[in-house]
Amino acid sequence: MSTGTLFDKVWNLHTVGILPSGQTQLFIGLHLIHEVTSPQAFAMLRERGLKVMYPQRTVATVDHIVPTDNQARPFADTLAEEMMQNLEKNCADYGIRFYNIGSGSQGIVHVIAPEQGLTQPGMTIACGDSHTSTHGAFGAISFGIGTSQVRDVLASQTLALGKLKVRRVEVNGTLQPGVYAKDVVLHLIRKLGVKGGVGYAYEYAGTTFEQMTMEERMTVCNMAIEGGARCGYINPDSVTYAYLQGRDFAPLGREWDEAVAWWDSLRSDADATYDDVVSFDAAEIDPTVTWGITPDQGIGVSEAVPAPESFGEGDRAIAQEAYAYMDLAPGTAIKGTPIDVCFIGSCTNGRLSDLQEAAKIAQGRHVANGIKAFVVPGSERVKQQAEAEGLDKIFEAAGFEWREAGCSMCLAMNPDKLQGRQISASSSNRNFKGRQGSASGRTLLMSPAMVAAAAIAGKVTDVREFLPI
Amino acid sequence: MSSSVASEARNSQARNSQIKTSQGTALPLVGNDIDTDRIIPARFLRCVTFDGLGEHVFADDRQQDPSHAFNQPQYQGAKILVVNRNFGCGSSREHAPQAIARWGIDAIIGESFAEIFFGNCLAMGVPCLTAAPETVTALQAIVQANPGREVQVDVENRRVTGGDFAADLTLADGPHQMLTLGTWDACGQLVAQAEAIEQIFGELPYVNWANAA
Ligand code: SF4
């Protein structure tokens, strides 16, 4: 008999009880915190005289505010320095493991937890950050929470939650050369809409995801939230286990074998029932670029900015807003759009394989005149591995800046910002108005290889023209 | 921005107060998919408390558009915010609903809400109720035509009224009960289950592996 989807099984195993409101009290196996959304949570704990129930199940790092050029303390930005000290104190006071700058393991929270093997199948994972969906790539149930909920997890290791429905999002087939995981998820968001996933966990299934590496799977799950799904996951398999084995916090010896058996048992049953199923063909996906101000306003690189008539009534007003803000008229080909800034990094695409793909495009070429292009590794470990392979030298020779790890211009809480109406080609996840640090700055989302190609060409270009035939 | 000062003093709902009704004038904010980066731009997140966020709500949108609803004098002091589809999408920052509440808003009616935003509001005691698009649009039009009109949001009976306008609202039973019984701040209830929590901790394999975090 079916015991359901991975979501059902993990949810049930972590259910502490049903609250009087009918919500589930769910145990959170791993809690990740950073400097932006945790200070007020600790303040509330102190105000209420509460302790941290399981300090060993919370792990902290600093990512959003860190400068990526000069990291000397105190930071030049006094507000950022205050946040930094606040986190350092909270972690020291409550006995929480903290990966600080210079520890060798600091980085974007959604990069460091997987690379250390903290993220594992079958866990429930919460973090005060919407891109916590990333960790679903391992077959964990992971989602973003607000600061009051960060307080709840610190105090009780649990959350009050309503159960989500599950939609199976199937993609089958092999991707064309020059089409990456980022293109797959941008395509899915384009097709399903930015609110299509509200109320759902997305189970990404099918041969396309099965063929992906863990880093590619993380890129897909990372952006589940951009399609409205608070949580996205992929069933664990041999690719997952091969990635995990030997990492800092992976189980060892006999426990490793037990773990694999347990993880296998959590996979969605073949006869599990889903609240909804949709499917797509990998061969139809082109390198995809956003042209607007929401992540579902995306098109294939050879397409033109869509006409207002092509939208349903509910999407037309925001399309009009996007034409005006982006200064891109309907019918304009996106290819050839001039670019000012190129950003490679973020929790979506700041991992080693992302930098490797971008470096393949950059190698032996040079950034176009007048373009600012920079590469920000997702973590100190990614930076160190990339340097061991000489990627920093490839980028620098091509005219890219090579930076320290952090969120950087994904949301520009540090000094890396767009200026005025500058337009960026960005490997990050959000093209919202003002997202990259200038209230009128503009963002085109695309894969890291496409960003590198845009940097070389000085305009949006099809990365396939740069690939060996 | 006069109301922000008053609401800072109010701060947020007193913990575990019962939230059965909200009333006051309303503020119609038209548009779908309004994300939390717009509600409170990231530069205002460089802080260790939520104090002072009220005055920065929609800072960039208001600066770029002097006719933005939050700028208009007739909506100052409003308690009820009326929005459209997928309000609060994007980042999980609780700074967004905190900024709205500290500006002075007590309740939000919309076509739909992004999930994390809805959960953040619930945890703060700010009810978010939904209605059909026609109902929301009609309410926005009425408020635009009569900005001074008192609007009542009856959380308990899931209804909105204002003058001769009345409509049913939707709010799932769980959040409805938490708000009306005053258990929306779940922290105390959660902590009280320490024994049951420890039992789950004992049963989960991964927290007990020798090499666990
Ligand atoms: S890289 Fe961007 S999306 Fe990811 S955690 Fe940092 S700010 Fe958030």
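In this text, all values refer to a predicted model and were calculated from it rather than measured experimentally.

Peer 1: Before we move on, could you go through the site of the ligand and cite the residues and values that matter?
Peer 2: Residues and elements named next belong to chain A. Around the ligand, the surrounding shell consists of H64, I108, H110, D129, H131, S346, C347, C407, C410, L411, N429 and R435. Cavity membership is defined here by more than half of the atoms lying within 2 Å of grid points; on that basis the ligand lies in the largest cavity. In terms of residue class, the shell around the ligand is made up of 5 nonpolar, 5 polar and 2 charged. Looking at which domains feed residues into the shell around the ligand, each of domain 1 (8-161) and domain 3 (288-466) supplies at least three.

Peer 1: Before we move on, could you go through empty space enclosed by the protein and cite the residues and values that matter?
Peer 2: All names here are of chain A. In the structure shown here, the tally under the stated rule is 5 cavities of 30 Å³ or more. Empty space within the largest cavity amounts to approximately 210 Å³. Along its surface, the largest cavity is lined by 23 residues, and H64, D129, H131, L411 and R435 are the ones closest to its centre. Its residues assigned to classes, the lining of the largest cavity comprises 7 nonpolar, 11 polar and 5 charged. If you add up the space inside the second largest cavity, you get close to 160 Å³.

Peer 1: How would you explain the confidence of the model for chain B if you had to name every residue and give the values?
Peer 2: Put simply, chain B has an average pLDDT of 93, and 94% of its residues get 70 or more. ipTM for the predicted complex: 0.94, alongside a pTM of 0.96.

Peer 1: Can you tell me about the packing of aromatic side chains, naming the residues and giving the values?
Peer 2: One pass over the full model with this rule turns up 22 aromatic pairs over all chains. Arranged with centres 6.1 Å apart and planes meeting at 85°, the rings of Y202(A) and Y204(A) form a pair that is edge-to-face. By relative accessible area, which is 4% here, Y204(A) ends up buried. In textbook terms, an aromatic cluster arises when at least three aromatic residues are bridged by ring pairs, as seen for Y241(A), W256(A), W262(A), W263(A), Y206(B) and W209(B). Looking at R167(A), its charged tip hangs above the ring of Y200(A), at a distance of 4.0 Å from the centre. Over the aromatic face of Y243(A) sits the side chain of R247(A), whose NZ or CZ is 3.7 Å from the ring centroid.

Peer 1: Describe the packing of helix α13 (residues 352-362) of chain A against helix α16 (residues 448-457) of chain A, with residues and values.
Peer 2: All names here are of chain A. Two elements in contact, α13 and α16, have axes whose closest approach is 8 Å; the angle formed by their N-to-C orientations is 30°. Classified by the angle their axes make, α13 and α16 are roughly parallel. Like other packed secondary-structure pairs, α13 and α16 cross with a definite hand, here right-handed. Residues D354, E357, A358, I361 and A362 of α13 form the contact with α16, whose own contacting residues are P448, A449, A452, A453 and I456. For the contact of α13 with α16, the class distribution of residues is 8 nonpolar, no polar and 2 charged.

About the cut-offs
Residues numbered from 1 in each chain as written. Chains lettered and ligands numbered in written order. Predicted model: local features only at pLDDT ≥ 70, side-chain atom pairs only at ≥ 80, totals over all residues. Heavy atoms only, no water. Near = heavy atom within 4 Å. 1 Å grid on protein atoms, 1.4 Å probe; cavity = no way out; pocket = protein on both sides within 12 Å on 5 of 7 lines; lining within 4 Å. Sits in = over half its atoms within 2 Å of the grid points. Nonpolar A, V, L, I, M, F, W, Y, C, P; charged D, E, K, R; others polar. Domains from an automatic or database assignment. Points joined across faces, edges and corners; volume = space filled by probe spheres on them. pLDDT = per-residue confidence, 0-100. Phe/Tyr/Trp six-rings, centres within 6.5 Å; stacked < 30°, edge-to-face > 60°. Buried < 20%, exposed > 50% of the residue type's maximum accessible area, 1.4 Å probe, protein only. Lys NZ or Arg CZ within 6 Å of the ring centre and 35° of its normal. Axes fitted to C-alpha atoms, helices over the stretch in contact; angles between N-to-C directions. Helix = DSSP H or I, 4+ residues; strand = E, 2+ residues; numbered from the N terminus. Parallel < 35°, antiparallel > 145°, perpendicular 65-115°, else oblique. Left-handed = near helix turned anticlockwise from the far one by under 90°. Contact = heavy atoms within 4.5 Å.

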